[in-house]
Amino acid sequence: MKKSSFYQFTLPALKELFATHDLPPSGPGLLYNWHYKKRKSEPCLTDLAKRSIAFVKEHFDFSLPEMNTLQESTDKTVKFLFQLADGQKVETVLIPFNNKYTICLSSQVGCAMKCSFCHTGLQGLQRHLKTEEIIGQFLVAQQWLTANRPLDDKILNIVFMGQGEPLHNFDAVKDACDIFLSQHGLSLADQKITISTAGYLPGLMRWKDEMPQVNIALSLHSAIKEKRDELIPINKRFPLEKVMEYVDAIPEGKNRFVTYEYLLIDGFNDKDEDAHLTGKLLAGKKAYVSLIPFNPFPGSDYKRPELSKVEKFKSILDSYKIPTLIRATKGDEILAACGQLNSRTL
Ligand code: SF4
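Residues numbered from 1 in each chain as written. Predicted model: local features only at pLDDT ≥ 70, side-chain atom pairs only at ≥ 80, totals over all residues. Heavy atoms only, no water.

## Let's talk about the site of the ligand
Part 1 of the argument: Looking at the ligand, the residues that line it are Cys111, Met113, Lys114, Cys115, Phe117, Cys118, Gly121, Gly164 and Ala198.
Part 2 of the argument: Within the shell around the ligand, the residues separate by chemical class into six nonpolar, two polar and one charged. (Near = heavy atom within 4 Å. Nonpolar A, V, L, I, M, F, W, Y, C, P; charged D, E, K, R; others polar.)

Set out below in structure tokens:
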């Protein structure tokens, strides 16, 4: 009989499975505690009832993605290339801040959105990742940190900003987030997970009801239709006005902001006019803008603007009273920065 990955099961799904097989109800909580809280990768064979142990041995597989290569940059960013069971590869990045880490997870092998500034977009979509492959990226990266940087091995934030459009793989990403947030699982606090989307409307329409504890970062990149169409081709199918309707509806009544990511490309979307139109679009919203100077990658014609242009753009947004940060580029010497991931080129 083919075994199922243990890491695909949310706690309610695991409880249901145990109930269906008439197994003691304490099993799922004990298993979650063993594998997620105590971070054990070998099967839990001590605390469980004998019947549950036999069931676990027979039904569950505990294997994790294999680490194919690992690169560390001088700023302590770490990029993993994982090999999956079918030989496909995905990348995951640990980004350091104050001796802790944010992990940037992939949600798909390649991506169907084909954003013109993105190295992953060049690959096209190979396939969606399964829940256990998303959880696996986190667990292996955590194991590596504990073994190699034991004094600062905490992962405090998760961002789905690696390869893939997370809302295009909604069900697997949602289940992974449930496991990350579960008090018996990885126990991350609400608002510590952020999903970055190019504006995939079918997923956004589900997000408000199904993943309210997860933050959204919208890739804006231009308030001008023609420019956004070029950068994010799905803008033609899911126009920004429609996307903003859903994004605007979400923070209402909640003390939180939506992040708008704005990739600045030299001579393309970094002019004063671009900044003013962005300011007018976001003024008065619960918006926070993350300005990202373009990170070059092999084969791209776009260029990174001078810092002075980035600062001018920020000062114009400041005049609209929109909180704006210039995102520090980390890991670009190992092609681990935003938009640079592409598992084919390694
Ligand atoms: S930027 Fe994101 S959504 Fe666009 S192609 Fe790259 S991975 Fe896909």
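Moving on from the coordinates now.
## Quick notes on the packing of helix H4 (residues 131-148) against helix H5 (residues 170-181)
Part 1 of the argument: Contact geometry for H4 and H5: axes closest at 8 Å, N-to-C directions at 45°. One element, H4, and the other, H5, form an angle in the oblique class. For the crossing formed where H4 meets H5, the hand is right-handed. Facing H4, whose interface residues are Thr131, Ile134, Ile135 and Phe138, H5 presents Ala172, Val173, Asp175, Ala176, Ile179 and Phe180.
Part 2 of the argument: Residue classes in the contact of H4 with H5 are distributed as eight nonpolar, one polar and one charged. (Axes fitted to C-alpha atoms, helices over the stretch in contact; angles between N-to-C directions. Helix = DSSP H or I, 4+ residues; strand = E, 2+ residues; numbered from the N terminus. Parallel < 35°, antiparallel > 145°, perpendicular 65-115°, else oblique. Left-handed = near helix turned anticlockwise from the far one by under 90°. Contact = heavy atoms within 4.5 Å.)

## Examining the side chain of serine 5
Part 1 of the argument: Relative to the helices and strands, serine 5 resides in strand S1 (residues 4-5).
Part 2 of the argument: At 3.1 Å, the side chain of serine 5 and the backbone nitrogen of tyrosine 7 are in polar contact.
Part 3 of the argument: Those residues in contact with serine 5 that lie beyond four places of it in its chain are Asp61 and Glu132. (Polar contact = N/O pair within 3.5 Å; in protein donor to acceptor, adjacent residues only side chain to side chain.)

## Here's the deal with unusual backbone geometry
Part 1 of the argument: Even without glycine at this site, aspartate 22 takes up a positive phi of about 55°.
Part 2 of the argument: Locating aspartate 22 in the fold gives a position in the loop between helix H1 (11-20) and helix H2 (27-37).
Part 3 of the argument: Of note in this structure, arginine 39 is not a glycine but carries a positive phi near 55°.
Part 4 of the argument: As for its placement among the helices and strands, arginine 39 is situated in the loop between H2 and helix H3 (50-59).
Part 5 of the argument: Judged by its relative accessible area of 43%, arginine 39 is partly exposed. (Buried < 20%, exposed > 50% of the residue type's maximum accessible area, 1.4 Å probe, protein only.)

## Structural notes on the domain arrangement of the protein
Part 1 of the argument: We note that the domain assignment places domain 1 (4-61) and domain 2 (66-334) within the protein.
Part 2 of the argument: The gap between the C-alpha centroids of domain 1 and domain 2 is 33 Å.
Part 3 of the argument: If you look at the interface, domain 1 gives twelve residues, while domain 2 gives 17 residues.
Part 4 of the argument: With both chains or domains summed, domain 1 and domain 2 bury close to 1100 Å², and 61% of this area falls on carbon and sulfur atoms.
Part 5 of the argument: Three residues, Tyr7, Tyr36 and Arg39, lead the burial of domain 1 against domain 2; their summed loss comes to 42% of the area buried on that side.
Part 6 of the argument: Sorting elements by how many residues they give to the side of domain 1 that touches domain 2 places H2 first, with four residues. (Domains from an automatic or database assignment. Buried area = accessible area lost by both parts, 1.4 Å probe.)

## Describing the packing of aromatic side chains
Part 1 of the argument: Under the criterion given, the structure shown has 19 aromatic pairs.
Part 2 of the argument: Seen in terms of ring centroids, phenylalanine 6 and tyrosine 32 are 6.2 Å apart; in terms of plane orientation they differ by 70°. Their pairing is edge-to-face. With phenylalanine 6 in the loop between S1 and H1 and tyrosine 32 in helix H2, the pair connects residues that are 26 residues apart, well separated along the chain. Pair check on accessibility: phenylalanine 6 and tyrosine 32 agree, each one buried.
Part 3 of the argument: An angle of 65° between the planes, with centres 6.1 Å apart, marks the rings of tyrosine 7 and tyrosine 36 as edge-to-face. A residue pair is termed long-range when its members are at least 10 positions apart, and tyrosine 7 in the loop between S1 and H1 and tyrosine 36 in helix H2 qualify at 29 residues.
Part 4 of the argument: Overall, the relative accessible area of 1% leaves tyrosine 7 in the buried class.
Part 5 of the argument: A residue is classified by how much of its surface remains accessible, and tyrosine 36, at 2% relative accessible area, is buried.
Part 6 of the argument: Linked through ring pairs, Phe6, Tyr7, Phe9, Phe18, Tyr32, Tyr36, Phe55, Phe60 and Phe62 together constitute an aromatic cluster.
Part 7 of the argument: Its end group placed over the ring of tryptophan 34, lysine 40 keeps NZ or CZ at 5.4 Å from the ring centre.
Part 8 of the argument: The ring of phenylalanine 268 is capped by lysine 227, whose NZ or CZ atom sits 5.8 Å from the centre of that ring. (Phe/Tyr/Trp six-rings, centres within 6.5 Å; stacked < 30°, edge-to-face > 60°. Lys NZ or Arg CZ within 6 Å of the ring centre and 35° of its normal.)

## A closer look at the nonpolar core
Part 1 of the argument: Among the nonpolar cores identified, the biggest contains 97 residues, and Phe60, Leu94, Phe117, Phe160, Phe180 and Tyr260 are the most heavily contacted of them.
Part 2 of the argument: Split by domain, the residues of this core number at least three in each of domain 1 (4-61) and domain 2 (66-334).
Part 3 of the argument: What leucine 94 contacts, discounting residues up to four positions off in sequence, is Lys76, Thr77, Val78, Phe80, Tyr101, Thr102, Ile103, Ala141, Trp144, Leu145 and Ile155. (Core = buried A, V, L, I, M, F, W, Y, C linked by side-chain atoms within 4.5 Å.)

## Some points on the pairing of strand S12 (residues 258-264)
Part 1 of the argument: Most of S12 is tucked away: seven of the seven residues are buried.
Part 2 of the argument: Here S12 shows no split at all, with Val258, Tyr260, Tyr262 and Leu264 on one side and Thr259, Glu261 and Leu263 on the other all buried.
Part 3 of the argument: As defined by bridge partners, strand S11 (residues 215-219) adjoins S12 across three bridges and the pair is classed as parallel. Among the inter-strand pairings, serine 219 is bridged to a residue of S12, identified as glutamate 261. (Pairing = 2+ DSSP bridges.)

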